[in-house]
Amino acid sequence: MSQTATMSGSAPTTTPIAGVEPRGPRPRPFFTPKKIMLYTTLVFFSLYFLFPLYVMLVTSFKTMPEIRFGNIFAFPGQINFDAWVKAWTSACTGLTCEGLSPGFWNSVKITIPSTIVSIFIAAVNGYALVNWRFKGSEIFFAILIFGSFIPYQVFLYPLVMITRELGIFGTLQAVIVVHTIFGMPILTLLFRNYFASLPVELFKAARVDGAGFWRIFFEIMLPMSLPIFVVALILQVTGIWNDFLFGVVFAGTQNLPMTVQLNNIVNSAQGTPEYNVNMAATVLTGLVPLIIYFVSGKLFVRGVAAGAVKG
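Residue positions within a chain follow its written sequence, with the count starting from 1. For this predicted model, a pLDDT threshold of at least 70 governs which residues receive local features, and a threshold of 80 or more governs which side-chain atom pairs are given and counted, while totals over whole chains, interfaces and linings are taken from all residues. Hydrogens and waters are ignored; side-chain quantities use all the structure's heavy atoms.

(A) Main features of the state of the cysteines. Two cysteine sulfur atoms make up a disulfide if the distance between them is within 2.5 Å. Summed over the entire model, instances satisfying the criterion amount to one disulfide. Each sulfur in the disulfide pair C92 and C97 lies 2.0 Å from the other. On the S-S bond that ties C92 to C97, the torsion sits near 85°, and the link is right-handed. Using a relative accessible area of 29% as the deciding quantity, one classes C92 as partly exposed. A relative accessible area of 40% means that C97 is categorised as partly exposed. Only protein chains enter the accessibility calculation, which uses a 1.4 Å probe; a residue is then buried when its area is under 20% of its type maximum, exposed when over 50%, and partly exposed in between.

(B) Seen up close, the packing of helix α4 (residues 101-131) against helix α7 (residues 172-197). Angles shown run from 0 to 180 degrees and are taken between the N-to-C directions of axes, each axis being a line fitted to C-alpha atoms and, for helices, limited to the stretch in contact. Helix and strand definitions here come from DSSP, where helices need a minimum of 4 consecutive H or I residues and strands a minimum of 2 consecutive E residues; each element is numbered from the N-terminal end. Taken N-terminus to C-terminus, the directions of α4 and α7 make an angle of 35°; their axes are 6 Å apart at the nearest point. The hand of the α4/α7 crossing is right-handed. Residue polarity is assigned by list, with Asp, Glu, Lys and Arg as charged and Ala, Val, Leu, Ile, Met, Phe, Trp, Tyr, Cys and Pro as nonpolar; anything else, Gly included, falls into the polar class. The residue inventory of the contact of α4 with α7, partitioned by class, reads 18 nonpolar, eight polar and two charged. Crossings are classed by handedness, with left-handed meaning an anticlockwise turn of the near helix from the far one by less than a right angle and right-handed meaning a clockwise turn.

(C) Molecular detail of a nonpolar patch on the surface. Only residues above 30% relative accessible area that lack a salt bridge enter a patch, with like-charged residues linked at up to 9 Å and the nonpolar side chains Val, Leu, Ile, Met, Phe, Trp and Tyr linked at up to 5 Å. A 1.4 Å probe and the Shrake-Rupley method give the accessible areas. Residues count as covered only by the protein chains that appear here. In what follows, salt bridge is the name for a side-chain nitrogen of Lys or Arg lying within 4 Å of a carboxyl oxygen of Asp or Glu. On the surface, a cluster of nonpolar side chains totalling about 810 Å² of accessible area is made up of F51, Y54, I72, F73, F75, I79, F81 and V85. Within the element layout of this structure, F73 appears in the loop between α2 (64-69) and α3 (82-89).

(D) Quick peek at the packing of helix α8 (residues 200-208) against helix α9 (residues 213-221). Following both chains from N to C, one finds α8 and α9 inclined at 130°, their axes separated by 11 Å at the closest point. As summarised for this structure, α8 and α9 are arranged oblique, according to the angle between their axes. The chirality of how α8 crosses α9 is right-handed. Where α8 abuts α9, its residues L202, F203, A206 and R207 lie against I216, I220 and M221. Along the lines of polarity and charge, the residues of the contact of α8 with α9 split into six nonpolar, no polar and one charged. Angle categories: roughly parallel below 35 degrees, roughly antiparallel above 145, roughly perpendicular from 65 to 115, and oblique for all the rest. By definition, residues are in contact when any of their heavy atoms lie within 4.5 Å.

(E) Region of the structure containing the packing of aromatic side chains. The aromatic pairing rule takes the rings of Phe, Tyr and Trp, using the six-membered ring of Trp, and pairs them if the centres are within 6.5 Å, calling planes under 30 degrees apart stacked, those over 60 edge-to-face and the rest tilted. The final tally for this structure, using the stated rule, is 30 aromatic pairs. Taken together, a centroid distance of 5.4 Å and an interplanar angle of 25° make the contact between F61 and W84 stacked. Taken together, the residues span a long stretch of sequence, with F61 in the loop between α1 (33-60) and α2 and W84 in helix α3 at a distance of 23 residues. The class of W84 is buried, set by a relative accessible area of 17%.

(F) Looking closely at the layout of surface pockets. Put simply, the largest pocket is a space of about 380 Å³. Broken down by secondary-structure element, the contributors of at least two residues to the lining of the largest pocket are α5 (137-148), α6 (152-166), α7 and α10 (226-241). If you tally residues by element for the lining of the largest pocket, the top one is α7, at six residues. Grid points spaced at 1 Å and placed over the protein atoms alone form the basis of the search, with a cavity being a set where a 1.4 Å probe fits but cannot get out and a pocket an open set showing protein on both sides within 12 Å along at least five of seven lines. Lining residues have an atom within 4 Å of a point. Grid points are joined across faces, edges and corners, and a volume is the space filled by probe spheres set on the points.

(G) Fine view of α4. A helix is expected to span 1.5 Å multiplied by its residue count minus one. The end-to-end C-alpha separation of α4 is 45 Å, in line with the 45 Å expected for 31 residues at 1.5 Å each. Most of α4 sits out of view: 22 of its 31 residues are buried.

(H) Layout of the nonpolar core. Put simply, buried Ala, Val, Leu, Ile, Met, Phe, Trp, Tyr and Cys residues joined by side-chain atoms within 4.5 Å make one nonpolar core. Residues Y127, F191, F195, I216 and M221 are the most contacted members of the largest nonpolar core, which totals 21 residues. At the level of secondary structure, the elements contributing two or more residues to this core comprise α4, α7, α8, α9 and α10. Considering each element in turn, this core owes the most residues, six residues, to α4. In this structure, W84, L100, F104 and V108 belong to the second largest nonpolar core, which totals 18 residues.

(I) Layout of the confidence of the model for the protein chain. For every residue, the predictor states its confidence as a pLDDT score lying anywhere from 0 to 100. For the protein chain, the average pLDDT comes to 83, and 87% of its residues sit at 70 or higher. Every residue in residues 1-8 scores below 50 in pLDDT, and together they form 16 contacts with partners more than four places removed in sequence or on other chains.

Below, the structure written as structure tokens:
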């Protein structure tokens, strides 16, 4: 390339030399066969998972005559919120007809303490296993992880006996304790891998400055661990909120979570099935996990990637 300048002293410009091809790779077209196949597959699977949600939503806004004599895939002729109101306030969930609202608050009372306690204990476990290794720590970690792969059903009867002896069987406290116990192994693995990916020089520098166990944890490790905390939060909230087994076994008839009450509404043998109420109740039950995923989806992917750096 040759450079030329104007007589007025402006910046030099470049002019191509005849017969010289530009260097570098040629621009690739956007619509290549590989990209077309990739995006087609992504769109197909997106529609596959979104289609049931669409059917639930449009059905929940229809009246029963429109559902009986109309097309299940058609958009409602007139949006009606009666099914949502009934699902929340007056749908029968067994012997009572108070809707999903009592179950919602029971699920909140179970999810919040279970999530906070299990995440805090798992974070301390992962931090200690990486930075404060003790004799037999690897064996302890292996046993902890092994326990997470045993089916929950194997532990049901022993846990029923333990909670009965503790005097908490049939209460919200029993469900909280069970969820906390079963949430710790996999969360400990996530936190251990994440803390292992952080520079060890930070921990050594803090130790040289005289910082102890808890000061390093709260002032150095926690501020750097937002992504993995978001991952743990999403996993615990969705897992606990969507749980049916522990709720129906340990909660008692007066403390049933939202998922158990949803099952009672959908499988009620009394009267004619109200599909619009069932669909509205289903959407209401899954609303909390959906909102959490939409709000913190990017941090979830970032935290999973960071927690998988070292094992």
